[in-house]
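Structural features, examined
Each chain, written out:
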Amino acid sequence: EDSLRWLGEGARPAARYCNAMALLGLENYREAAVRLEELANAPDAGGLTDRAVYLAQAGNAWLIGGYPDASIVALSDALKIAPEDADILTDRAAAYLGTGQVDKAMADLDQALTLRPNFVDALQMRASAHLEKDDLQAAEADINKALLLSALTIDTNSLSTGKAYSNALNGAFAAGNDMTFAAEDATKTIDLTDISVAVFTQAIQNVATLRADNAAS
């Protein structure tokens, strides 16, 4: 109602933005993203900072709505305006991970963490990317730093709901039955629906130890 009233009063950019936010609230992510992109490209959208914000929000709406490719386009446009925005870089990394482009996600996360070294969200996401590449040591380093910076539990969604963790274990399981039983015993108490930084770190250490023992035998 407010946006319709503002349209009548001539405040068109504010009205269009209000409409887009209302659509987000209604979980109509695709239409919200379209309207935010239209606003970002409109002659009356405001300055470059405003346009970058609209594009970044459009990118997030695309991503939440299940359109990672469209999200990458919008977030890339936002980064043309604000190339050193760590939040937008991290958002685009999430979109890249959503399309399986792990190396590109890693590049964005590396840049984001260069700009903001203590960015916990980027550290957690980069840990997920490292696990997708089966780089347990690098993942552990990022998780340990995130643990030092925050007492929050790692969101399992940022770790692909345990998929990356399971993939890391699969490498250990492939070595043989004895290792399988050992790995299962070491991690049997882990609940992937509520996995803490400390537990996740310990699990990585367990797998790394099992691999080293297997290689030495």
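What you are looking at is a predicted structure, and each value in this text was computed from that prediction instead of being measured.

**Observations concerning the overall build of the protein chain**
Counting its secondary structure elements, the protein chain contains 12 helices and zero strands. Counting helices and strands in the order they occur from the N terminus, the protein chain gives α-α-α-α-α-α-α-α-α-α-α-α. For the protein chain, with 217 residues in total, the buried portion stands at 40%. Taking all contacts inside the protein chain whose residues are at least 6 apart in sequence as the whole, residues at least 24 apart take part in 55%. For the protein chain, the exposed area adds up to about 11,200 Å²; of that, 52% sits on carbon and sulfur atoms.

**Focus on the packing of aromatic side chains**
One pass over the structure, following the stated rule, counts two aromatic pairs. With a centroid separation of 5.5 Å and 45° between ring planes, the pair formed by Y17 and Y54 is classed as tilted. Here Y17 is found in helix α2 (residues 12-25), whereas its partner Y54 is found in helix α4 (residues 48-64), with 37 residues between them in sequence. Accessibility expressed as a relative area gives 25% for Y17, which makes it partly exposed. Plain terms: the ring middles of W62 and Y67 are 5.4 Å apart, the flat faces sit at 80° to each other, and that makes the pair edge-to-face. Since its relative accessible area comes to 9%, W62 is described here as buried.

Parameters at a glance
Residues numbered from 1 in each chain as written. Predicted model: local features only at pLDDT ≥ 70, side-chain atom pairs only at ≥ 80, totals over all residues. Heavy atoms only, no water. Helix = DSSP H or I, 4+ residues; strand = E, 2+ residues; numbered from the N terminus. Buried < 20%, exposed > 50% of the residue type's maximum accessible area, 1.4 Å probe, protein only. Contact = heavy atoms within 4.5 Å. Areas by Shrake-Rupley, 256 points an atom, 1.4 Å probe, with all protein chains shown as cover. Phe/Tyr/Trp six-rings, centres within 6.5 Å; stacked < 30°, edge-to-face > 60°.

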